[in-house]
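One letter stands for each residue in the lines below.
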Amino acid sequence: PDDIDQMRFTLERNTRWLDSCLARLDRRLLTGSEPDRNTAEKFLQIAEGYAILIEDTDPNKAAYLYVQAGGLARSIGESNTALRLYYYVAENMPKQASAPFALFMMGIIYEDDLKDLENAKKTYESFLQRYPNDSEYTDDVQAALKNLGMPLEELIKRFEQNKLQ
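Bear in mind that the values here come from a model prediction, so they are computed numbers and not experimental data. The numbering scheme is per chain: residues are counted from 1 as the chain's sequence reads. Note on the predicted model: pLDDT of at least 70 is required for a residue's local features to be given, and 80 or more for side-chain atom pairs to be given and counted; whole-chain, interface and lining totals, by contrast, use all residues. Side-chain metrics in this entry use all non-hydrogen atoms of the structure; hydrogen atoms and water are not considered.

## What to know about the pattern of salt bridges
- Salt bridges are defined as contacts in which a side-chain nitrogen from Lys or Arg sits within 4 Å of a carboxyl oxygen from Asp or Glu. For the coordinates displayed, the defined rule picks out 7 salt bridges.
- Here aspartate 113 makes a salt bridge to arginine 74, at a shortest N to O gap of 2.7 Å. One end of the pair, aspartate 113, is in helix 6 (residues 99-113); the other, arginine 74, is in helix 4 (residues 59-75), and 39 residues separate them in sequence.
- Three exposure classes are used, based on accessible area relative to the maximum for each residue type with a 1.4 Å probe and protein chains only: buried under 20%, partly exposed in between, and exposed over 50%. In this structure aspartate 113 comes out as partly exposed when scored by relative accessible area, which is 30%.
- The class for arginine 74 is partly exposed, based on a relative accessible area of 27%.
- A salt bridge links glutamate 91 to arginine 130, with the shortest nitrogen-to-oxygen separation between them at 2.5 Å. One end of the pair, glutamate 91, is in helix 5 (residues 79-92); the other, arginine 130, is in helix 7 (residues 117-130), and 39 residues separate them in sequence.
- Taking the relative accessible area as the measure of exposure, glutamate 91 reaches 32% and is therefore partly exposed.
- Note on arginine 130: relative accessible area 33%, which makes it partly exposed.
- Residues joined by salt bridges that share partners form a network here, namely Arg37, Glu41 and Glu78. Segments assigned H or I by DSSP are reported as helices when at least four residues long, segments assigned E as strands when at least two residues long, and all are numbered from the N terminus.

Structure, rendered in C-alpha cells:
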C-alpha cells in the first residue's frame, strides 16, 4: 500500500509526462491506416490509468480520456473494452460533456458490432430519456431507433427515395 501511494503521488505530480506519453503514442497510431495493436494497447492502458488518476481533480479530462480510449478500442476490434469504457462515462460521469456521446456509442456498439438489437434499443431509449434535448445526437439516436435492425440495402433505398422527394 505504501508503494502504491508513493507511485500515485509521483504520477499526480508528473501529469505532463503522462500527457507526453499519450501524445507520442497518438502520433504513432496516426501514422498508419490501421492502428498498430501493440501501440493501441499501450495507449489504452496509459489512458485508462491516467483517467482513473485524475478523475477527482479533472473529471472533464478523465471523461475525454475514457471516450478516446473507447474509440481506439473499438477501432482495433475490442468492442467489449470500448463498451466498458463508454459505459463508465455514461453511468459514472453523466454530467460530463462527453457522456451523451458515450451513451450513443454504446448503442452503436450493441447494434453494429455485437448485433444485440435489444440492448441497442434499450441504450438508445435511455439516451432519449437522459438527454432529450441534446443538440448533437438526439436526431441520430431517433433515426437509429427508427431504423434499428434494418438491412443496409433497405436503408440506402430509403435514403435515395427521401433524397428524390
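Don't stop here, the text continues.
## Some points on the layout of surface pockets
- Only protein atoms enter the 1 Å grid used here. Points where a 1.4 Å probe fits but cannot escape make up a cavity, open sets with protein on both sides within 12 Å along at least five of seven lines make up a pocket, and a residue lines them when an atom lies within 4 Å of a point. Grid points are joined across faces, edges and corners, and a volume is the space filled by probe spheres set on the points. When its volume is computed, the largest pocket comes out at roughly 170 Å³.
- The wall of the largest pocket is formed by Phe104, Ile108, Glu111, Asp112, Tyr124, Asp140, Ala143, Ala144, Asn147, Gly149, Met150 and Leu155.
- Elements with a minimum of two residues in the lining of the largest pocket: helix 6 and helix 8 (138-146).
- With 4 residues, helix 6 is the largest single contributor of residues to the lining of the largest pocket.
- Grouping the amino acids of the lining of the largest pocket by side-chain chemistry returns 7 nonpolar, 2 polar and 3 charged. By the convention adopted, Pro, Cys, Tyr, Trp, Phe, Met, Ile, Leu, Val and Ala count as nonpolar, Lys, Arg, Asp and Glu as charged, and the other residues, Gly among them, as polar.

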